[in-house]
Amino acid sequence: MYQREFEQRLRDTLPRAVLLYGDNEFLIDHYVHLYKERLDAAESMLALYHDEYDFDRAKAYLSQSSLFGGNNLLLIRREKKLPKKELDLLIELTKKNDANYLVFAFGGDAREAKAMQSSFSEKKGALWVRFFEANPREGQRFLREEARRQGLEIDDYALGHLFNLLNGNLALCAKELEKLAILQRPVSIKEIDMLVYSTAPMAVERLLIDLFSKKPVTETVARLLELGEDEFSILRATQFFVQQIFLFRAYIQIHGRADSKEILGYKLPRHVEEEKASLAVKVSTGTLLKLYEALLEAELRLKSSKPENREVLLYGMMIRLQNLLQ
């Protein structure tokens, strides 16, 4: 099931057991909050996060009546799937008591989520929902609801500007709306430009992953330039990214696995680590050497050119790099 159909279901009733997963953490958190709010279960629910999950504890919680005569909400958050027998029994317990609810906010791989979909079938009184990154229209709608919840007066044009400025990251947008609400006055694009920090560096990272994945990048480059990034900052970010890919490749060749903590000195988000490891395995050492040479040549050209010519040179650099990756 997808988001739109799920929203229609929520207008009538709350599904008793639901698996939430996908690429949009903000929407997953949004619906977790909705369950807690509608069931008035923020204080009485049992939340088991990651390695805290304990089947016996979860089973005991759903097997008892609510101490306060309300609802039993079991919230599980983790990146590993649950054994099918355990999951099936927990879902069965939600059916036996009208006050029982199970929300599984799954942060792992979509393939593992699909393996659990059979447990969350409608025949068992449950359902699964997969979320994707919000498009501008959907993002603006959710931000409008968030602004209303925060008591913030802001028009749709400003909300769209915020969505674009933060690269479509709804979680960051919601945090910024919370901060802007402190002003206790109507907020326009002017306040957003003054007070909200752009996520252009995150967009550069996405650009370079797309570049190595051989996806179109010209629109992203144009957007970065509009957000205030200059040609030299994008060049430096590209050089740094290529260096990271080289380090990932070298480490994987030695150890047979990727560990960003050991490679870079800090832990990357799991999906970013996996993306960089995948790219590092696909690109050869010879190609990386050619990329280094192309970047050095591009740096020389940019530094010796007139400002009005640098944008064209940047696009040329991206085209050349992508050709080397073919």
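Scroll up to find the structure this text is about.
These figures come from a predicted structure and were not determined experimentally. (Residues numbered from 1 in each chain as written. Predicted model: local features only at pLDDT ≥ 70, side-chain atom pairs only at ≥ 80, totals over all residues. Heavy atoms only, no water.)

Our focus in this paragraph is the overall build of the protein. Secondary structure assignment for the protein yields 16 helices and 5 strands. Counting only C-alpha atoms and orienting by the principal axes, one finds that the protein spans roughly 75 × 55 × 30 Å. Taken across its 326 residues, the protein has 45% of its residues classed as buried. Long-range pairs, those at least 24 residues apart, make up 73% of the contacts in the protein between residues at least 6 apart in sequence. Total accessible area on the protein stands at roughly 18100 Å², and carbon and sulfur atoms take up 51% of it. (Helix = DSSP H or I, 4+ residues; strand = E, 2+ residues; numbered from the N terminus. Buried < 20%, exposed > 50% of the residue type's maximum accessible area, 1.4 Å probe, protein only. Contact = heavy atoms within 4.5 Å. Areas by Shrake-Rupley, 256 points an atom, 1.4 Å probe, with all protein chains shown as cover.)

What follows concerns the packing of aromatic side chains. Enumeration according to the criterion identifies 7 aromatic pairs in this entry. When the centroid spacing of 5.1 Å and the interplanar angle of 65° are considered together, the rings of F6 and Y31 count as edge-to-face. A residue pair is termed long-range when its members are at least 10 positions apart, and F6 in helix α1 (residues 3-12) and Y31 in helix α2 (residues 25-39) qualify at 25 residues. Residues F6 and Y31 agree in their burial class; the two are buried. Ring centres of Y35 and Y101 lie 6.5 Å apart, and the angle between their planes is 70°; on these two criteria the pair is classed as edge-to-face. Highlighted residues: Y35 in helix α2 and Y101 in strand β4 (residues 100-106), separated in sequence by 66 residues. Put simply, the rings of F6, Y31 and F131 pair up and form one aromatic cluster. (Phe/Tyr/Trp six-rings, centres within 6.5 Å; stacked < 30°, edge-to-face > 60°.)

Moving on, we come to the side chain of E191. Mapped onto the elements of the fold, E191 is located in helix α9 (residues 189-195). One buried charged residue, E191, forms no salt bridge at all, with the nearest opposite charge on R185 at 4.1 Å. At 2.5 Å, the side chain of E191 forms a polar contact with the side chain of S188. What E191 contacts, discounting residues up to four positions off in sequence, is L183, R185, P186 and V196. (Lys, Arg positive; Asp, Glu negative; His and termini not counted. Salt bridge = Lys/Arg side-chain N within 4 Å of Asp/Glu carboxyl O. Polar contact = N/O pair within 3.5 Å; in protein donor to acceptor, adjacent residues only side chain to side chain.)

On to helix α3 (residues 55-63), then. Every buried residue of α3 is accounted for by F55, A58, Y61 and L62. For α3, the buried positions fall inside an angular range of 130° around the axis, keeping them on one side. Along its buried surface, α3 packs onto β2 (46-49), β3 (72-78), α4 (84-96) and β4. The opening residue of α3 is D54, an N-cap whose side-chain oxygen sits 3.2 Å from the backbone nitrogen of D56. (Arc of directions from axis to C-beta.)

Right, let's talk about the packing of helix α15 (residues 285-303) against helix α16 (residues 307-324) for a bit. Across the interface, α15 lies against α16 with an axial gap of 10 Å and an inter-helix angle of 170°. Considering their axes alone, α15 and α16 lie roughly antiparallel with respect to each other. Within the contact between the two elements, α15 uses T287, K290, L291, A294, L295, E297, A298, R301 and L302 and α16 uses R310, L313, M317, R320, L321 and L324. Counted by class, the contact of α15 with α16 contains 9 nonpolar, 1 polar and 5 charged residues. (Axes fitted to C-alpha atoms, helices over the stretch in contact; angles between N-to-C directions. Parallel < 35°, antiparallel > 145°, perpendicular 65-115°, else oblique. Nonpolar A, V, L, I, M, F, W, Y, C, P; charged D, E, K, R; others polar.)

Here we take up the environment of S44. With respect to the element layout, S44 can be found in the loop between α2 and β2. Separated by 30 residues in sequence, S44 and L74 place their C-alpha atoms 9.5 Å apart. Other than its neighbours up to four places away in sequence, S44 contacts Y61 and N71.

What follows is about the side chain of D259. Note on placement: D259 falls in the loop between α12 (231-255) and α13 (260-264). On the basis of relative accessibility, which here comes to 15%, the residue D259 falls in the buried class. Within the structure, the side chain of D259 is placed 3.0 Å from the backbone nitrogen of K261, a separation counted as a polar contact. Beyond its immediate sequence surroundings of up to four residues, D259 is in contact with Y251, K267 and E273.

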